[in-house]
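# Per-entry structural report
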Amino acid sequence: MTVKRLEANKLAQMFIEGADNLSRHVKIVDSLNVFPVPDGDTGTNMNLSITSGVKEVRAQTSKEAGKIASSFAKGLLMGARGNSGVILSQLFRGFSKASEGKHYLSAQDLAQALDKGVETAYKAVIKPVEGTILTVAKDAAKQAVKSANKSDDVVQVMTDVVKEAKASLKRTPDLLPVLKEVGVVDSGGQGLLYIYEGFLAVLTGKKLKEQQPTTPNMDDLIKIEHHQHNAQSHMATEDIEFGYCTEVMVRFDESRLKEQAFHEEEFRNELSELGDSLLVVSDEDLLKVHIHAEYPGEVLSRAQRYGDFINIKIENMREQHTHLLDETQAVYGNADPVEADKSEKSEFGIVTVSMGEGVSELFKGLGAGEVIQGGQTMNPSTEDIVSAIEKVHAEKILILPNNGNIVMAAEQAAKVVDAEAIVVPSKTVPQGLAAILAFNPTLDLKENASQMKEAMTFVKSGQITYAVRDTQIEGLSIQKDDFIGISEKKIVNTHQKLIEAAKELLAHMIDDESEMVTVLAGEDVTEDETEELVRYLEEQFTDVELDVHQGGQPLYSYIFAVE
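Residues numbered from 1 in each chain as written. Predicted model: local features only at pLDDT ≥ 70, side-chain atom pairs only at ≥ 80, totals over all residues. Heavy atoms only, no water.

### Brief notes about the sheet that holds strand 15 (residues 545–550)
Just so we agree on the cut-off: Two strands form a pair only when DSSP identifies at least two bridges running between them. Strands are runs of DSSP state E lasting at least two residues, helices are runs of H or I lasting at least four, and both sets are numbered from the N terminus onward. Axis definition: a line fitted to C-alpha atoms, over the contacting stretch in the case of helices. Angles run 0 to 180 degrees between N-to-C directions. Residue contacts are counted whenever heavy atoms from the two residues lie within 4.5 Å of one another.
One open sheet accounts for six strands, arranged 13-12-9-16-14-15; its pairing is mixed. Where the open sheet ends on each side, the last strands, each with one partner, are strand 13 (490–495) and strand 15. Across this sheet, the average inter-strand angle for adjacent strands is 20°, counted without regard to direction. Contacts from helix 22 (residues 527–540) reach strand 14 (516–521), strand 15 and strand 16 (558–562), with the element oriented near 170° to strand 15.

Structure below.
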C-alpha cells in the first residue's frame, strides 16, 4: 500500500490509534522503571497526556492536517503530566509548528515535522540525557529524513521510523548504564514506540494485538475526582464572581481583519478585564477563547470583530456549582467553611505539590496558598498547576513541585499564566520544606526564588519504600518486598525489616555537621514503629534536634530531611 498524501482525517486517526496503542500497554511501560520502587508512572503520565491531546483532535472540525496537528499539540500541552508527558508534548509541539498551514502532509513533510519535534523537545530540556525518549525520537526522526529523501511514500517513511525506533530503544541500555545494570530499556522510549506503531497500523490497515485498554486507570480517575470535588466544595455558590464558563471558536475573516488587525496579546489583555480563567489560542485561521465571565455577550461581541463563529459554549457555573455541592455533601458530608473573599489579589502566592494529608497541612501551615495533591504515580498536569495558580489569586507566584518528575509541567504552567510566576525546582518534599521556610515577603520575586533555591542545597533528602521486584543495582542485591533506603535518588541500603532499613539510612545520612532531622511518617507506619525510630535517634545522635510529623504519604514509609 502506498500513500503519497497524508490527509487530515488519516492524521487524526493516527493520533487516536497511537494513543490507543499506548493505552493498551501502560502497565508494561510503567513496569520499566529503573528503580524497583512502587512509583513507575511513565506509562500513566504519557497515557493521560496523550488522552488530552486526542480529546482536542476529536473536537477539531478542520480538514487541514496542520490544524489537526495543532489541536493535538495544544491538548498535549495542557494535559502534560510528568517529564515524559512534557517531553511528549514538546515533540508534537514542534511537529505542529512544522505542519502549520498544510492541508496534507507529504512524506517529506512528515519527516520534517518529526525532526522539528525533536529539535523543540531538546530545547525544552535543560540537560538532555541520551538513552531516553529523546534519543529514540531523535534517531527515528533522522531515519525519517533519510527515508523521505529516497521515497515519497508516507507508509515507507513511517515503516522506517518504527524500525529505527525499535533499534534505538534496544540501544538505550548502552547509552544509559543504569538501564543495562537493571536489564530494562528506557520506559519513555518504549511508550513512544507504541505510539509510532499505532501511527503505522493506521497507514497499513494492520490490526494491532488487542489488549485490555487502560485509558485512563480507574484508580487515577477516582483520585482526580475526589480531589476536584474537595477543592470546589471549599467555596460558596454566591462567591462565584464570574458566573459563565464561556468558550468560543472563531474562523478569521480577511475583510474584518483589514478593518481591525488581530494581535493575540492585545486581545488577551482586553478580555482579561471581563473575567478570569482566560485562555486565548490562535493561529492563521482560528481563534479559540476560554474565559469565566459575568457577561458572556461582551466576550462574543469582541471575538466576532475578527470573524465568524464556528462553535459557542456557555455554561452557568453557579447552577453547576449548586448541583456539585449537593452531590459532594451527599458523598462526603458538609464542606469546610467557606474561605474569605479573594477579589483582591495578594502580592505573593505559593503553590506546592504534596502527597499525604499531614504533609499538605505542613505546607499550608508554612504559608502555601494552594497545595496540589500529587506526587509519584499521580503527577499533576500543566492544567492542574495552572488552575492552582489561578486559585491562589496573587500577582507573583512561586511554584514548588517537590518532585523531579513534576518540574517540567510546572515550568510550562508558569509560562502560560497571566501572573508573574517562577518555579523553584524542588525535587523532594524536604527540599520544598526548606525552600518555603526561606520565603521572605520583603524580597522581590526573583530574590525570593534565588534564596529558596539556595536553602534547598542545605538539606539532604531520604526515603524508605519497598521493592516491587528482585533486582541487582548499585552493588546491592534486593529482594521483592524488602525495604529500601534512598538518599538523594540513590539506593543505599536494603533490609527485610522497616525500622532496620530506616536506621541504616539515617546512619548514612547524618554526619558531624547535621543539626536537625525531620521525620515524616507514612500512612502505613504504626505509632510503635515511629517511637522505636525516635528512641534510636535520641540515643545515637544526642546533638541532633528532632522534628517528627505524621505525614500520611503513600508509597514512602518514611521521608527524612537532614539539615
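### Topic: the environment of glutamate 454
Test applied: Note on exposure labels: buried denotes an accessible area under 20% of the residue type's maximum, exposed denotes more than 50%, and partly exposed covers the range between, all computed with a 1.4 Å probe on protein chains only.
Secondary-structure assignment places glutamate 454 in helix 20 (residues 445–456). For glutamate 454, a relative accessible area of 48% translates into the label partly exposed. In this structure the C-alpha to C-alpha distance between glutamate 454 and valine 424, which are 30 residues apart in sequence, comes to 10.0 Å.

### Re the environment of alanine 121
Position of alanine 121 relative to the elements: it lies in helix 6 (residues 107–124). Residue class for alanine 121 comes out buried when judged on its relative accessible area of 1%. Taking the C-alpha atoms as reference points, alanine 121 and glutamine 90, 31 residues apart in sequence, are found 4.8 Å from one another. With residues up to four places along the chain from it excluded, the contact list for alanine 121 reads Ile87, Gln90, Leu91 and Leu134.

### Here we look at the pairing of strand 15
The criterion, for reference: The handedness of a crossover follows from its direction of travel: if, with the strands pointing away from the viewer, the path from the first strand over the helix to the second runs clockwise, the crossover is right-handed.
Sheet analysis places strand 14 next to strand 15, joined by six bridges and oriented parallel. Note on strand 15: the bridge partner recorded for valine 517 is leucine 546. The parallel pair strand 14 and strand 15 is bridged by helix 22, and the resulting crossover is right-handed.

### A few points about the pattern of salt bridges
The criterion, for reference: What counts as a salt bridge is simple: a side-chain nitrogen of Lys or Arg found within 4 Å of a carboxyl oxygen of Asp or Glu.
All told, the structure shown has 24 salt bridges when counted by the stated rule. Two residues, arginine 171 and aspartate 139, come together in a salt bridge whose shortest N-O distance is 3.2 Å. Of this pair, arginine 171 sits in helix 8 (residues 154–175) while aspartate 139 is found in helix 7 (residues 133–150), placing the two residues 32 residues apart along the sequence. Judged by relative accessible area, which is 34%, arginine 171 ranks as partly exposed. Notably, a salt bridge pairs lysine 503 with glutamate 532, separated by 3.5 Å at the nearest N-O pair. Linking lysine 503 in helix 21 (residues 498–509) with glutamate 532 in helix 22, this pair joins segments that are 29 residues apart in sequence. One salt-bridge network, in which partners are shared between bridges, spans Glu270, Glu298, Arg302 and Arg305.

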